[in-house]
Amino acid sequence: MGAAVCFALSALYFLVWSRHRTNHAHLLFAVTAAAFGVYGFFELRLLLAPTPQAMDAVLRWAQLPISVALLSLMWFVGTYLDAGRRWLAWTICGVRAVFALPNLVMGGNPNLLAIPKLEHIQFAGEPVAIIKGTPNPWALMGTLTLLLILAFVVDATITAWRRGDRRKAVMIGGAVALFLSISIMTSVLGLWSALQLPTANSLYYLILVAAMGYELSRDLLRASQLGRELQASQSDRLAILRAVPDLMFLQTKDGVYLDHHAPNPSMLFMAPEQFLGRNMREVLPPAVLALIEPSFRRAATASEPIVIDYELPMPDGRRHYEARLVRSDNDQILTLVRDVTEAKRAEMALRESEAILQASHREIRDLAGRLIAAQEGERARIGRELHDDLSQQIAGLSIALSRLKRRVTESSDPDLQADFAILQQRTAGLADNIRRLSHDLHPSVLQHAGLVATLSDHCAQVGRQQRIAISFAADGDFSETTAATALCLYRVTQEALRNVVTHAAAATADVRLRRVGDDVELTIADDGRGFDIGPAGPTGQGLGLISINERVRLVGGNVSIFTEVNKGTRVKVHVPLTALSPVAH
């Protein structure tokens, strides 16, 4: 009955292997089960041997099925657990061949030198023969084979356990190691007459085959379940593919089209029957092939997707595509192609709009520069007229008043003399205001006294008039400063201090001028109320700061504003030392 079970399992898993020939574990198990089944018949003949000669012949030929069974069992364990030392397995095959083949070819019994007579014992209520005779020293070679197989199985089991395949290690590796150990002990004890036992190794091997068959059946059931899940997953993937708007092409690493997916056949460059089974070199236009072929070769070895853009002539005109090439299984290349024509057109329209907008910005900035230059020119003209004309007239009026005052000094009317004094004071004050206005409109002192002296004088003047403590300091040589840079820095200081006086409600302000290489750094800081940089920044409603930014930009500089509510404001300006005129910019 045990042999019948072994043969049934062998036939079953041979059929399983015939359908899935890549799974060599099933074939090795089928061979192992069949060999143990054959060995079961030999053991039955041993138990019922009528003469010593018959037992000797059975023992000699039983080495063939037991050798096949043990070696295929060893290879099964190594294959199923994907472990074990292959050199040790081949060594065991050689040792077993040396042990068994000479006796089969030349005759003789590898286990016993002689069997003088048969001895019988009662086993399961029946008299059976037991192996008893003169042990053959050559049998130690067979025992060594079993020990080596046991060592191979233990090593493979430990490797599988450490790898995490603990169920396989216990159910297969552990079971084989256990039954091999039992078989070795019973065979050795029975052979060397330590115990009076009948030959019943096939019983242990039957249990072992049943345990291995159970584990393989469990694997088959699990594989079947996974197959159903995979089929369901493939159905899901098919549904997902139908919803994906991209084209997909599966090709060999040489470029032959194997399969494709197209949400709409009209998206294809040509009909499927015209490119499936053909190489891309035969179907793609030369210009497109020149782009795709190098990327295709890189995708065959790359771990990341390779992205390329190309165009194709389609019935509705040239269309733009983005392709992603990904290395798939079995050295195949999966290409996902997306139509990006509308996105490209939108991008081109956006670029055109940006170009137009930038041109408009350049025109506006050029106009702003010309307006500032014209403003400075007009300021200079008005300043000169105030200085050269109106100031002279007021000076003449002051002189005339002085002469007229001397003529009326003999008058006894004190009120008339007081009126003349007041009139002289007002005339002098008017002259000072006109002179200051002329200076603000066109600071000609920049050309004569230089940038440092002009800024120092302006800070002192604003401090006196507005009763604010304004400090000024300069560090470096500014003799090379161009007129454009000097005027820009003066106007920035003027505007910044005006903001301090008008908006900051500050008690102190600090103005610092510093030479930094070929640049000039100007910093105006106050301890006023500060402001929110958002609405007051260059894009907000703060016209003073807008003016500062525009002036600095026109001479090729930049502005940084640092402020916080109730913690003051700091304006830092960097401009080139030798900037050109704003009109040149």
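Because the structure is predicted, anything quoted here is derived from the model rather than measured. Sequence order as written defines residue numbering, which begins from 1 separately in each chain. Restriction of local features to residues with pLDDT of at least 70 applies here, the model being predicted, together with a cutoff of 80 or more for giving and counting side-chain atom pairs; totals for whole chains, interfaces and linings are based on all residues. With hydrogens and water stripped out, all remaining heavy atoms of the structure feed into the side-chain values.

Details of the overall build of the protein
Then, in step 1: For the purposes of this entry, the term helix denotes a DSSP run of H or I that reaches at least four residues, the term strand denotes a run of E that reaches at least two, and both are numbered from the N terminus. Scanning the protein from N- to C-terminus turns up 17 helices and 14 strands.
Then, in step 2: The buried share of the protein, taken over its 585 residues, is 38%.
Then, in step 3: The criterion used for residue contact is that any of the two residues' heavy atoms lie within 4.5 Å. Taking contacts inside the protein between residues at least 6 apart in sequence as the whole, the part at least 24 apart equals 62%.
Then, in step 4: Exposure was quantified through the Shrake-Rupley algorithm and a 1.4 Å probe, taking into account, for residues, occlusion by the shown protein chains and nothing else. Total accessible area on the protein is roughly 32500 Å²; 59% of this is exposed by carbon and sulfur atoms. Note on exposure labels: buried denotes an accessible area under 20% of the residue type's maximum, exposed denotes more than 50%, and partly exposed covers the range between, all computed with a 1.4 Å probe on protein chains only.

Digging into the sheet that holds strand β11 (residues 508-516)
Across a sheet, paired strands are connected by hydrogen bonds in the backbone, their directions being either parallel or antiparallel.
Then, in step 1: Ordered by their spatial adjacency, five strands build an open sheet running β10-β11-β12-β14-β13, and the pairing between neighbours is mixed. Either end of the sheet is taken by a strand with one partner, and the two such strands are β10 (469-475) and β13 (558-563). Neighbour to neighbour, the strand axes of the sheet diverge by 10° on average, direction disregarded.
Then, in step 2: Here, axes are lines fitted to C-alpha atoms. For helices the fit covers the stretch in contact, and angles between N-to-C directions go from 0 to 180 degrees. Against the sheet, helix α15 (residues 483-504) touches β10, β11, β12 (519-526) and β14 (569-576), its axis set at about 10° to β12. Only strands that DSSP links by at least two bridges are regarded as paired with each other.

Some details on the pattern of salt bridges
Then, in step 1: Criterion for a salt bridge: a side-chain nitrogen of Lys or Arg within 4 Å of a carboxyl oxygen of Asp or Glu. Evaluated as defined, the whole model comprises 16 salt bridges.
Then, in step 2: Between R498 and E495 there is a salt bridge, with its nearest N and O atoms 2.9 Å apart. One end of the pair, R498, and the other, E495, are both in helix α15, three residues apart, so they sit about a helical turn from each other.
Then, in step 3: Exposure remark for R498: the relative accessible area of 41% places this residue in the partly exposed category.
Then, in step 4: Given a relative accessible area of 17%, E495 falls into the buried group.
Then, in step 5: Here the salt bridges share partners, and the residues they tie into one network are R319, D339, E342 and R345.

Some points on the packing of aromatic side chains
Any two aromatic rings considered together are summarised by their centre-to-centre distance and by the angle between their planes.
Then, in step 1: Side-chain rings of Phe, Tyr and Trp (the six-membered ring for Trp) are treated as a pair once their centres are within 6.5 Å; stacked means planes under 30 degrees apart, edge-to-face means over 60, and tilted covers the remaining angles. Evaluation of the coordinates by the stated rule reveals six aromatic pairs.
Then, in step 2: Aromatic side chains Y257 and F275 sit 5.2 Å apart centroid to centroid with 70° between the ring planes, which places their arrangement in the edge-to-face category. A residue pair is termed long-range when its members are at least 10 positions apart, and Y257 in strand β6 (residues 257-261) and F275 in helix α8 (residues 272-275) qualify at 18 residues. We note that Y257, like F275, is buried.
Then, in step 3: Three or more aromatic residues joined by ring pairs make a cluster, and in this case those are F249, Y257 and F275.
Then, in step 4: The residue whose ring lies beneath K168 is Y80, and the NZ or CZ to ring-centre distance is 5.0 Å. Only when the NZ atom of a Lys or the CZ atom of an Arg is both within 6 Å of the ring centre and within 35 degrees of the ring normal do we say a charge sits over the ring.

Considerations on the sheet that holds strand β5 (residues 247-252)
Then, in step 1: Taken together, the five strands give an open sheet; going across it, the order is β6-β5-β9-β8-β7, and neighbouring strands pair in antiparallel fashion. Only two strands of the sheet have a single neighbouring strand rather than two, namely β6 and β7 (306-314). If you compare each strand with its neighbour and ignore which way they point, the axes differ by 25° on average.

Thoughts on the nonpolar core
Then, in step 1: In terms of nonpolar packing, the biggest core is built from 48 residues, with M74, F76 and M212 touching the most fellow members.
Then, in step 2: If one sorts the elements of this core by residue count, helix α3 (residues 52-81) sits on top with 12 residues.
Then, in step 3: Discounting residues that sit within four places of it in the chain, M74 has contacts with A89, I92, C93, I149 and F152.
Then, in step 4: What makes a nonpolar core is a set of buried Ala, Val, Leu, Ile, Met, Phe, Trp, Tyr and Cys residues whose side-chain atoms join them at distances within 4.5 Å. L451, F478, V520 and L577 belong to the second largest nonpolar core, which has 34 residues in total.

Brief notes about helix α5 (residues 139-163)
Then, in step 1: Over its 25 residues, α5 extends 37 Å from the first C-alpha to the last, a length consistent with the 36 Å expected when each residue adds 1.5 Å.
Then, in step 2: Where α5 is concerned, the buried positions are A139, G142, T145, L146, I149, L150, F152, V153, D155, A156, T157 and A160. Helix span is expected to be 1.5 Å times the residue number reduced by one.

Spatial relationships are all this shows, so hold off on functional conclusions.
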